[in-house]
Amino acid sequence: MMWLLYLVIGFILFAGLLYLLGNYTFWLPFRSAKLPRVVMLHQVTPHEVASGMNMPPEKFEQFLQLLVAKKSTFCFVSEIGDHQNQKNVVALSFDDGFMDNYLYAYPLLKKYQAKATIYLATQIEGIEKLKLAQIQEMAASGLIEFGAHTQHHVNLLKLDDQTAFQEMQQSKLDVEKMVGKCPSFAYPFGRFNEKHQQMASEIGFKNAVSTRKKIEAYNSDQPFNIPRVSTHGAMNALQMRIALAKGRYKL
């Protein structure tokens, strides 16, 4: 029966190895510190469980402390092209426009003097949204830049071209009306194609971010498909470091 014991032990070790490789992607290719890290976030609230959508405030502060310890240069997404070949450039980005960005993320961004870009879906339903006064206060601080995320947080691939263009253009106009400028765009759900990249250019956005979980050089000739670093609210310190080094901490 020893063979059965060895088989069980082998299976346990194999399962453990798969778990390790799946949840700690240290084996992915090394990405130079001279490549910008555009970090994807959504909510920062203690009132929701830690998830791919929510990084609780204490975890977000831990993440900021790590970035500060790495002597990161924080910039807006629209400024990435101004920091090419500079080490440890980080652009924090928040999608949708949750009110908790003001209540919990903003105080921490001020504490660590970290810039961030918030992409507003200006007519999104079903969430507690940022109020105009909060948006304008954050914009006036110099730490927050607002971008567009369509009006209704729609999957652009499910819309005809005219409607998609209107959603993108009108969201830019909405943000400009609130804070005076809107240089960057984020595709809802990460769903888009080359036509939508062209629309972003025609509408007047400087660049646009996707949900591709990668780290790569900023291409000023093709700035409308910028990848972002994947995060999760339950990441431990090692996983945070791996995400910033590789672009994702797990498969």
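Structure shown above.
Residues numbered from 1 in each chain as written. Predicted model: local features only at pLDDT ≥ 70, side-chain atom pairs only at ≥ 80, totals over all residues. Heavy atoms only, no water.

Trainee: Go over the overall build of the protein chain with me, naming the residues and quoting the values.
Mentor: In terms of regular secondary structure, the protein chain is built from 7 helices and 8 strands. Taken against the 2.2 N^0.38 rule, which gives 18 Å for 251 residues, the C-alpha radius of gyration of the protein chain at 20 Å falls within 12% of a compact globule. Dimensions along the principal axes, computed over C-alpha positions, put the protein chain at roughly 75 × 40 × 40 Å. Expressed as a percentage of the 251 residues in the protein chain, the buried residues total 51%. Contacts in the protein chain between residues at least 24 apart in sequence constitute 67% of all its contacts with a sequence separation of at least 6. With the model as given, the accessible surface of the protein chain reaches about 12400 Å², and the carbon-plus-sulfur share is 56%. Computing the positive centroid from 27 side-chain charges and the negative centroid from 21, the protein chain places the two 10 Å apart. (Helix = DSSP H or I, 4+ residues; strand = E, 2+ residues; numbered from the N terminus. Rg over C-alpha atoms; globule rule 2.2 N^0.38 Å. Buried < 20%, exposed > 50% of the residue type's maximum accessible area, 1.4 Å probe, protein only. Contact = heavy atoms within 4.5 Å. Areas by Shrake-Rupley, 256 points an atom, 1.4 Å probe, with all protein chains shown as cover. Lys, Arg positive; Asp, Glu negative; His and termini not counted. Charge placed at Lys NZ, Arg CZ, Asp CG, Glu CD.)

Trainee: An account of the layout of surface pockets is needed here, citing residue identities and associated values.
Mentor: Taking a probe equal in size to a water molecule and rolling it over the atoms shows the remaining empty space. Looking at the largest pocket, its volume works out to about 310 Å³. Lining the largest pocket are 22 residues, and of these Gln197, Gln222, Pro223, Phe224 and Asn225 lie nearest its centre. Mapped onto the lining of the largest pocket, the elements with two or more residues apiece are strand 1 (37-41), helix 6 (194-203) and strand 8 (226-228). Sort the elements by how many residues they give to the lining of the largest pocket and helix 6 lands first, with 4 residues. Residue composition of the lining of the largest pocket, grouped by class: 10 nonpolar, 6 polar and 6 charged. Of the voids in this model, the second largest pocket is the one considered here, and its volume is about 180 Å³. Among the secondary structure elements, those contributing two or more residues to the lining of the second largest pocket are helix 2 (57-69), strand 3 (89-96) and helix 7 (237-246). (1 Å grid on protein atoms, 1.4 Å probe; cavity = no way out; pocket = protein on both sides within 12 Å on 5 of 7 lines; lining within 4 Å. Points joined across faces, edges and corners; volume = space filled by probe spheres on them. Nonpolar A, V, L, I, M, F, W, Y, C, P; charged D, E, K, R; others polar.)

Trainee: Give me the pairing of strand 7 (residues 207-213): which residues, what numbers.
Mentor: Remark: a regular strand shows side chains that alternate across the two faces of the sheet. Sheet topology places strand 6 (residues 184-186) next to strand 7; 3 bridges connect them, and they run parallel. Of the residues in strand 7, the one forming a bridge with Ser184 is Asn207. Bridge count for strand 7 against strand 8 is 2 bridges, and the pairing is parallel. For Val209, the partnering residue across the bridge sits in strand 8 and is Ile226. (Pairing = 2+ DSSP bridges.)

Trainee: Describe in detail the side chain of Glu61, supporting the description with residues and values.
Mentor: Note that Glu61 resides in helix 2. According to the relative accessible area criterion, Glu61 is buried, its value standing at 18%. Ignoring sequence-local partners within four residues, the contact set of Glu61 consists of Leu108, Lys111 and Tyr112.

Trainee: Account for the pattern of salt bridges, with residues named and values stated.
Mentor: Counted by the stated rule, this structure contains 8 salt bridges. The partner of Asp161 in a salt bridge is Lys195, and the shortest N-O contact between them spans 3.0 Å. Remark: Lys195 occurs in helix 6 and Asp161 occurs in helix 5 (residues 161-179); sequence separation between them is 34 residues. Taking the relative accessible area as the measure of exposure, Asp161 reaches 36% and is therefore partly exposed. (Salt bridge = Lys/Arg side-chain N within 4 Å of Asp/Glu carboxyl O.)

Trainee: Please provide a residue-by-residue account of the nonpolar core, values included.
Mentor: With 55 residues, the main nonpolar core has Phe60, Leu92, Phe94, Leu109, Ile144 and Phe146 as its most contacted residues. Beyond its immediate chain neighbours, meaning those up to four positions away, Leu109 contacts Phe60, Leu64, Leu92, Phe94, Ala114, Ala116, Leu143 and Ile144. In this structure, Cys75, Val77, Val209 and Ile226 belong to the second largest nonpolar core, which totals 11 residues. (Core = buried A, V, L, I, M, F, W, Y, C linked by side-chain atoms within 4.5 Å.)

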